[in-house]
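# A structural walkthrough
Single-letter residue listing:
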Amino acid sequence: MNRRNVLVGLGGIVAGGGALLGTGAFSSVEAHRTIDIETTGDSDALLSFEINRSALEPENGDGNQIEISIDDLNENAVTQFDDALTVGNNGDNEVELEVTDAPKEVRIEHEGNDLSETEVAIDSEADEDFDIVFDLEGEEDVDVSDGTITFEANAT
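Computed from a predicted structure; not experimentally measured.

### So, the pattern of salt bridges
On inspection of all chains with the given rule, the structure shows two salt bridges. Across the salt bridge formed by glutamate 109 and arginine 107, the nearest N and O atoms sit 2.8 Å from each other. Residue glutamate 109 is classed as buried on the basis of its relative accessible area, which comes to 9%. One salt-bridge network, in which partners are shared between bridges, spans Arg107, Glu109 and Asp135.

### Some remarks on the packing of aromatic side chains
The final tally for this structure, using the stated rule, is two aromatic pairs. Each ring, one from phenylalanine 49 and one from phenylalanine 151, has its centre 4.9 Å from the other, and the planes form 50°; the classification is tilted. One end of the pair, phenylalanine 49, is in strand β1 (residues 47-51); the other, phenylalanine 151, is in strand β8 (residues 150-155), with 102 residues separating them in the sequence. The class of phenylalanine 151 is partly exposed, set by a relative accessible area of 25%. Between phenylalanine 81 and phenylalanine 134 the ring centres are 6.1 Å apart and the planes differ by 85°, which places this aromatic pair in the edge-to-face class. In this pair, phenylalanine 81 is assigned in strand β2 (residues 78-89) and phenylalanine 134 in strand β7 (residues 126-135), connecting sequence segments 53 residues apart. For phenylalanine 81, a relative accessible area of 10% gives the class buried. Here phenylalanine 134 falls in the buried class, since its relative accessible area comes to 8%.

### Description of a negative patch on the surface
Where like charges cluster on the molecular surface, the negative patch consists of Glu50, Asp82, Asp83, Asp127 and Asp129. With respect to the element layout, aspartate 82 can be found in strand β2.

### Re the confidence of the model for the protein
When pLDDT is averaged along the protein, the result is 76; 65% of the residues meet or exceed 70. Every residue in residues 3-11 is under pLDDT 50, and counting partners more than four places away or in other chains gives one contact.

### Section: the sheet that holds strand β6 (residues 120-122)
Strands sit in the order β6-β3-β8 across an open sheet of three strands; the sheet is antiparallel. Looking at the sheet topology across the chains shown, the edges are occupied by β6 and β8. With strand direction ignored, the average angle separating the axes of adjacent strands in the sheet is 35°. Examined bridge by bridge, strand β3 (residues 95-101) and β6 share three bridges and lie antiparallel to one another. Residue pairing for β6: leucine 97 is matched across the bridge by valine 120.

### Focus: the pairing of β7
Both β2 and β7 contribute to a ladder of nine bridges, which runs antiparallel. If you follow valine 87 over to β7, its bridge partner there is glutamate 128. Of the pairings in the sheet, the one linking strand β4 (residues 106-110) to β7 comprises four bridges and is antiparallel in character. Bridge pairing links isoleucine 108 to isoleucine 132 in β7.

### A short note on the environment of isoleucine 68
Residue position: isoleucine 68 is located in the loop between β1 and β2. In this structure, the C-alpha to C-alpha distance between isoleucine 68 and serine 145, residues 77 residues apart in sequence, is 8.9 Å.

Here is what the cut-offs are and how they apply
- Residues numbered from 1 in each chain as written.
- Predicted model: local features only at pLDDT ≥ 70, side-chain atom pairs only at ≥ 80, totals over all residues.
- Heavy atoms only, no water.
- Salt bridge = Lys/Arg side-chain N within 4 Å of Asp/Glu carboxyl O.
- Buried < 20%, exposed > 50% of the residue type's maximum accessible area, 1.4 Å probe, protein only.
- Phe/Tyr/Trp six-rings, centres within 6.5 Å; stacked < 30°, edge-to-face > 60°.
- Helix = DSSP H or I, 4+ residues; strand = E, 2+ residues; numbered from the N terminus.
- Patch = residues over 30% accessible without salt bridge, like charges linked within 9 Å, V, L, I, M, F, W, Y side chains within 5 Å.
- Areas by Shrake-Rupley, 256 points an atom, 1.4 Å probe, with all protein chains shown as cover.
- Lys, Arg positive; Asp, Glu negative; His and termini not counted.
- Charge placed at Lys NZ, Arg CZ, Asp CG, Glu CD.
- pLDDT = per-residue confidence, 0-100.
- Contact = heavy atoms within 4.5 Å.
- Pairing = 2+ DSSP bridges.
- Axes fitted to C-alpha atoms, helices over the stretch in contact; angles between N-to-C directions.

Here you go:
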């Protein structure tokens, strides 16, 4: 066997082995990493939330969570608090804001549009005001005390 046949033979073995065993790419990997995440209060966050109506401000809020406590809503009625919530975009990018989860009796609206059905764009370094609507028509003894509202913001 000469040197050329040995090189061709080795080249064929390497190429065949690569085809048989794959190209070196992987289909999955599992790795464990750590990450540190820090949060900040609303006034310094990229997206800030502020209640603007004294009737909606909680007595025991800590500034990091908005709680609304109202005891005297009218049954079988729609009660709307105009411009009750201000959302501020303190970041460098425009964001699309929507509500992805809320009790059926509570709506967050912007210019008459329900945020659970449409998105609202908030420019960088801008604020937008939102209405909070409690729709209790046809309802009696409604309890939304354990309800939460989830906002989702995506940079555009």
